[in-house]
Amino acid sequence: MSQRGKKPSSRNPPRQDAKLEQTYQLAKERYAGLGVNTDQVLRRLAQIPVALHCWQGDDVGGFEHTGGPLTGGILTTGNYPGKARTADELRADATQALSLIPGKHRFSLHTIYGEFGGKKVDRNEIGPEHFRGWMDWARSLGIGLDFNASCFSHPKSADGFTLSHADPAIRKFWITHAQRSREIGAAMGRTLGSTTVTNVWIPDGMKDTPADRRGPRERLEASLDEVFRKPLDPRHNLDAVEGKLFGIGAESYTVGMHEFYLGYAVKHQKLVCLDAGHYHPTENMADKISSVLCFVPRILLHVSRGVRWDSDHVVTLTDDLQAIAQELVRGDYLGRTHLGLDFFDASINRLAAWVIGTRNLLRALLLAMLEPYEAYKKFERSGDYTSRLAWMEEAKTLPFGAVWDYYCASQNVPVGEAWLAEIKAYEKKILSKRS
């Protein structure tokens, strides 16, 4: 079974197959004239998995049902009806979204999305047994899972500190939580036969200027050493650490900023998680990819879209996204990069957000793969920057859309905007019934 899971049996084959084929063949000839084999590109694209993120489906609520507010600099805005209320609903929604996205993909979970049977299970008590339902679901679809420690929205994170907390008992609580998260990730990877990336992100920081910047960072380093002390089989689990520029309530000081985690990852050869929304708006995050991969074996890339102070908007086909895709493709980094989405928008249909974001990331990768990059390099190495610039600009109007439509049809997912009709039908049949 495909990693996308079963396509709805009621879906008709794409219309105008002959026209799609004809337009594709014309595009194929145009690209071939520039040295690009579109058939090879599409085979390559089909092998790239993107991890959809559970927290888009229910506004980062999870299933602990503590009733407490979101904390840790996280804020979901909007009240669009139909959000998932249970793990079964979230799995059904994700299955529907995956069926509208071409290619083979994954799903990323937070620890707060375990199934606890109505019992109080604290974060330092979680285990693989609380995620058996998710593993069974993933196995049924043939997909892999990724995992995240949840160091937010908890009484022991209420003052803004977790792994860097001054209180040893609170630090120990979160160390145990992160250790158990790694064990869960390893269990997922072992069960599904697909390596799980387990990510550690913490919200630790201060709203106003701190007196001591050194102390929390030294405590965080020591805590991370404890978290990662036990070696796990890299075939089952890979560890990632994620920095951030700032968060709500941590505007002046972030303990785990990018430079801290980059240093830690290089020292211990962990994955650095680069999140497209976690840097200054004037920084080119794409430029970090080749820099970081000089010194660490792999990266986790959270694809998001920053807008002013908010880092988590639905991914659109922006210049920034295309720059990220170009860096991954031109540098031949896709084999060392684990791709996932990270945004949460409650102002629109949540399934549509998944589909829009993932299809845009795939579109950006396809655009990058269709570039006549070998010609660019030839011009650049010969010092012919005029031709390099001219070709780069001409490539922007090549018939990419015909190749994308053909790819969607060949993967048996809706072509163009036709996927939206299926989302609307699902909303009417399923989402509208949720209170």
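Residues numbered from 1 in each chain as written. Predicted model: local features only at pLDDT ≥ 70, side-chain atom pairs only at ≥ 80, totals over all residues. Heavy atoms only, no water.

(A) Looking closely at helix H7 (residues 258-268). When H7 is considered as a whole, its buried residues turn out to be His258, Phe260, Tyr261, Tyr264 and Ala265. Along the long axis of H7, the arc covered by the buried residues comes to 160°, so they all point the same way. Turned more than 90 degrees from where H7 packs its buried face, Glu259 and Lys267 sit exposed. Two residues or fewer past H7, Gln269 is found with a positive phi of approximately 55°. (Buried < 20%, exposed > 50% of the residue type's maximum accessible area, 1.4 Å probe, protein only. Helix = DSSP H or I, 4+ residues; strand = E, 2+ residues; numbered from the N terminus. Arc of directions from axis to C-beta.)

(B) Seen up close, the environment of Val60. When you line up the elements, Val60 lands in the loop between strand E1 (50-53) and helix H3 (87-98). Judged by relative accessible area, which is 4%, Val60 ranks as buried. In this structure the C-alpha to C-alpha distance between Val60 and Ile112, which are 52 residues apart in sequence, comes to 8.8 Å.

(C) Region of the structure containing helix H9 (residues 319-330). End to end, H9 covers 16 Å across 12 residues, agreeing with the expected 16 Å (1.5 Å per residue, within 8%). Elements that come into contact with the buried residues of H9 comprise helix H2 (38-45), helix H8 (286-292), strand E9 (299-303), strand E12 (337-341) and helix H10 (350-369). Taken from the residues just after H9, Asp332 is the one with a positive phi, measuring 55°. (Expected span 1.5 Å × (residues − 1). Contact = heavy atoms within 4.5 Å.)

(D) Focus on the pattern of salt bridges. For the structure on display, the rule yields 24 salt bridges. Between Asp88 and Arg91 there is a salt bridge; the shortest N-O distance is 2.8 Å. In this pair, Asp88 and Arg91 both sit in helix H3, three residues apart, roughly one turn of the helix. By relative accessible area, Arg91 is classed as buried at 8%. (Salt bridge = Lys/Arg side-chain N within 4 Å of Asp/Glu carboxyl O.)

(E) Structural view of the confidence of the model for the protein chain. Across the protein chain, the average pLDDT comes to 92, with 93% of residues at 70 or higher. Contacts from residues 1-10, a stretch scored under 50 in pLDDT, to residues over four places away or in other chains number 28 contacts. (pLDDT = per-residue confidence, 0-100.)

(F) The arrangement of the side chain of Asp275 in detail. Considering the arrangement of structural elements, one finds Asp275 in strand E8 (residues 271-275). From its side chain, Asp275 meets the backbone nitrogen of Gly277 in a polar contact 2.8 Å long. Leave out the neighbours within four places in its chain, and Asp275 touches Glu242, Met285, His302, Ser304 and Asp342. (Polar contact = N/O pair within 3.5 Å; in protein donor to acceptor, adjacent residues only side chain to side chain.)

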